[in-house]
Amino acid sequence: MLDEGILAAICLLCVFVLLLAAWKLWHCLTRSPEQCSDASQPLVVRIEPNEVLESEALGLEAGQTLKRRALPCLQREDSIRRTKVAEVFDSGVVESDNTQAELSHGTIINLEVVSGTSLGASATCYPGQSITIGRLPTNGLVIKDAEVSGKHASITWNSQNSAWDFVDLGSLNGTYVNDQLVSVDLSNGGSVRKPSLPVELVGDDVILLGSSSRILVHIHKINDDARSIPSTLICPFEVGVAADPMALRRGGKRLPMEDVYFCEWSVGGLQEFGLFCIFDGHGGAAAAKAASQILPKVLYDMLKVDSRRMEVIKNADAKDVLLDAFNSTEAALEYDYEGCTATVLLIWLDAGRVAYAQCANVGDSSCVFSVDGEYISMTEDHRLTSLSERARMLKMGRQLREGETRLCGMNIARALGDKFLKEQELRFSSIPFISNVLRIKQESKALAILASDGLWDVLSQRRALQLALEAKDGKCNTGGITSKPVSAKSIAEALLNKARTLRTKDNTTVIILDFVNNSKSAIGK
């Protein structure tokens, strides 16, 4: 009898498990693809306070897209050129290896939101790049509208036709270009959401997402004479990035990559501002990834306020903006046992196209400039062995003991995150060092290096600058560079190779800004 009872209990348990699995399958099939997204994806949807209130008022769950009633379909197939289905990209803006080559004969597309809840938002894309549009903050153009899907649409440069292709990424509420439906029509009972066929965009097209968010398309032609490009759309320098997680020993297993970088000219569509950052995580990469999303958004939200943006340009000083951005990012990072360094370089242009640079940092990633042969350090080292940190702690009345080089196992005293350590040890800080403003005239020969500590562990700032300038002029063969001047990316790769040769044992990320190469090729003087 005992065996029969156990067998019956096992059968009942199996029936319960099968019923539970069937219920979960039915629940997922009746929800939208956005709600049933793969839980393994690292993307976390963050809803701003005002968005939560709007969602609650509409009876929506956080992250849910509001289903609107169908609009009339005004399809004119013969007037829409369709080509092969474009690739769906996973990040906001993606750049191909041919961007610089295509820049000489392509077009620049500028997107301006002219109606809806995100009125005034804008974004710019160059030949060889692509951009995604949607509600999530990871998109290149963020539309805070409950009827817009998380990743609603993409625009991609078509090099074969030298044109911009628009694709709806299977949005819930569809997309219209000039009142013509370009997404898969679900109003007649269809259930499969998939990308639409591409539609070629031209100047003055109007894109409608949902029922209220309209985007006006501006397209600027690039002629051989770079002076024909609208000056406000041109980055005044060439940017190159190289990164490698490295290994503890030659041929050994690569280290987990905890460096995260952010590079953007026209921050959030503000065409006179550029932002370049390196976040070096410790205890994991989560805090660094979060900071790389939060800080640029916070900075943009402040600079899009006309009075604050004009104050920065008028006074030629962004100290208050940078300090507030760090403080807001620190407050938003809820990581008890993870943190990151942050080196943030803000560059802006005045009406005369003179560039201004100002840097803020916590930790041991550094930024250094060479301007007309003059060496200028833009950061402060916050390792415990540095004189500045020892002086700060002495001023607090909590000086380091003789031979003490770590606090709670950390060799740096300033970082973002690490909430638990900061509660236990008051000498930890998130207050950044902020540099003086550096003025760079159009005729100046300038080059900047931003790098994580993997580079600075094996090279001094002066030596790194010397190698970068030699590589730029084709005077060294570091990393295979030979006799002719090279691109900013090649300079970054040369420094990365040098760090690898010198056996650095930490993640290494190098960002190069070359103010001469791009001024010759893309900016008319």
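Calculation notes
Residues numbered from 1 in each chain as written. Predicted model: local features only at pLDDT ≥ 70, side-chain atom pairs only at ≥ 80, totals over all residues. Heavy atoms only, no water. Pairing = 2+ DSSP bridges. Helix = DSSP H or I, 4+ residues; strand = E, 2+ residues; numbered from the N terminus. Axes fitted to C-alpha atoms, helices over the stretch in contact; angles between N-to-C directions. Contact = heavy atoms within 4.5 Å. Phe/Tyr/Trp six-rings, centres within 6.5 Å; stacked < 30°, edge-to-face > 60°. Buried < 20%, exposed > 50% of the residue type's maximum accessible area, 1.4 Å probe, protein only. pLDDT = per-residue confidence, 0-100. Salt bridge = Lys/Arg side-chain N within 4 Å of Asp/Glu carboxyl O. Patch = residues over 30% accessible without salt bridge, like charges linked within 9 Å, V, L, I, M, F, W, Y side chains within 5 Å. Areas by Shrake-Rupley, 256 points an atom, 1.4 Å probe, with all protein chains shown as cover.

Asks: So what exactly am I meant to see when it comes to the sheet that holds strand β13 (residues 238–244) here?
Replies: Two strands in a sheet stick together by hydrogen bonds in their backbones, pointing the same way (parallel) or opposite ways (antiparallel). Here five strands make up an open sheet; going across it, the order is β13-β24-β23-β18-β19 and the pairing antiparallel. With partners counted over all chains shown, the strands left at the sheet margins are β13 and β19 (374–377), one partner each. Across the sheet, the mean angle separating the axes of adjacent strands is 15° when strand polarity is ignored. Summarising the sheet, strand β18 (residues 366–371) and β19 pair through four bridges and their orientation is antiparallel. Looking at the pairing, Val 368 lines up with Ser 377 of β19. Relative to the sheet, helix α11 (residues 488–501) contacts β13, β23 (446–451) and β24 (508–514), its axis offset from that of β13 by approximately 25°.

Asks: Quick question: what am I supposed to make of the packing of aromatic side chains here?
Replies: For any two aromatic rings, the description comes down to two numbers: the centre-to-centre distance and the angle of the planes. Taken as a whole and assessed by the stated rule, the structure comprises eight aromatic pairs. Summarising the aromatic geometry, the rings of Trp 348 and Tyr 356 are spaced 6.0 Å apart at their centres and angled 15° between planes, so their arrangement reads as stacked. In this structure Trp 348 comes out as buried when scored by relative accessible area, which is 0%. Of the aromatic side chains, those joined through ring pairs into one cluster are Phe 237, Trp 265, Phe 276, Phe 369 and Phe 515.

Asks: Help me understand the confidence of the model for the chain in this model?
Replies: Any region with low pLDDT has predicted coordinates that should not be read closely. Taken over all residues, the pLDDT of the chain has a mean of 77, while the share at 70 or more is 76%. Considering only residues more than four positions removed or in separate chains, one finds that residues 31–62, a stretch of pLDDT under 50, has 34 contacts. Under a pLDDT of 50 for its full length, residues 517–525 has, in the predicted model, 26 contacts with residues more than four places off or in other chains.

Asks: Even after reading the chapter, I still don't get the pattern of salt bridges, so can you show me in this structure?
Replies: Side-chain pairs of opposite charge can arise where the charged atoms are in close proximity. All told, the structure shown has 14 salt bridges when counted by the stated rule. Residue Arg 309 pairs with Glu 272 through a salt bridge whose shortest N-O separation is 3.8 Å. Pair noted here: Arg 309 is in helix α5 (residues 306–315) and Glu 272 is in strand β15 (residues 270–282), with a separation of 37 residues, a long-range link. The partner of Asp 514 in a salt bridge is Lys 472, with the nearest N and O atoms 2.8 Å apart.

Asks: Even after reading the chapter, I still don't get a nonpolar patch on the surface, so can you show me in this structure?
Replies: Residues Leu 13, Phe 16, Val 17, Leu 20 and Trp 23 make up a contiguous nonpolar surface patch of about 530 Å² in total accessible area. Along the polypeptide, Trp 23 turns up in helix α1 (residues 2–29).

Asks: Sorry if this is basic, but what is going on with the sheet that holds strand β11 (residues 206–209) here?
Replies: Strand order in this open sheet of six strands is β3-β2-β12-β11-β8-β9, and the pairing throughout is antiparallel. Every interior strand has two partners, whereas the edge strands, β3 (122–125) and β9 (180–181), have only one. Inspection of the sheet shows strand β8 (residues 175–177) paired to β9 by two bridges, in the antiparallel sense. Residue Tyr 176 lies in a different strand from β9, and its bridge partner there is Leu 181.

Asks: What is the right way to read the pairing of β23 from this model?
Replies: Sheet faces and side chains relate simply in a regular strand, where the side chains alternate between the two faces. Most of β23 sits out of view: six of its six residues are buried. Across the two faces of β23 the burial is the same, with Ala 446, Ala 448 and Leu 450 and Leu 447, Ile 449 and Ala 451 all buried. In this structure, β18 lies alongside β23, joined through six bridges in antiparallel fashion. Directly across from Ser 370, in β23, lies its bridge partner Leu 447. Two elements, β23 and β24, share five bridges in a ladder whose sense is antiparallel. Directly across from Ala 448, in β24, lies its bridge partner Leu 513.

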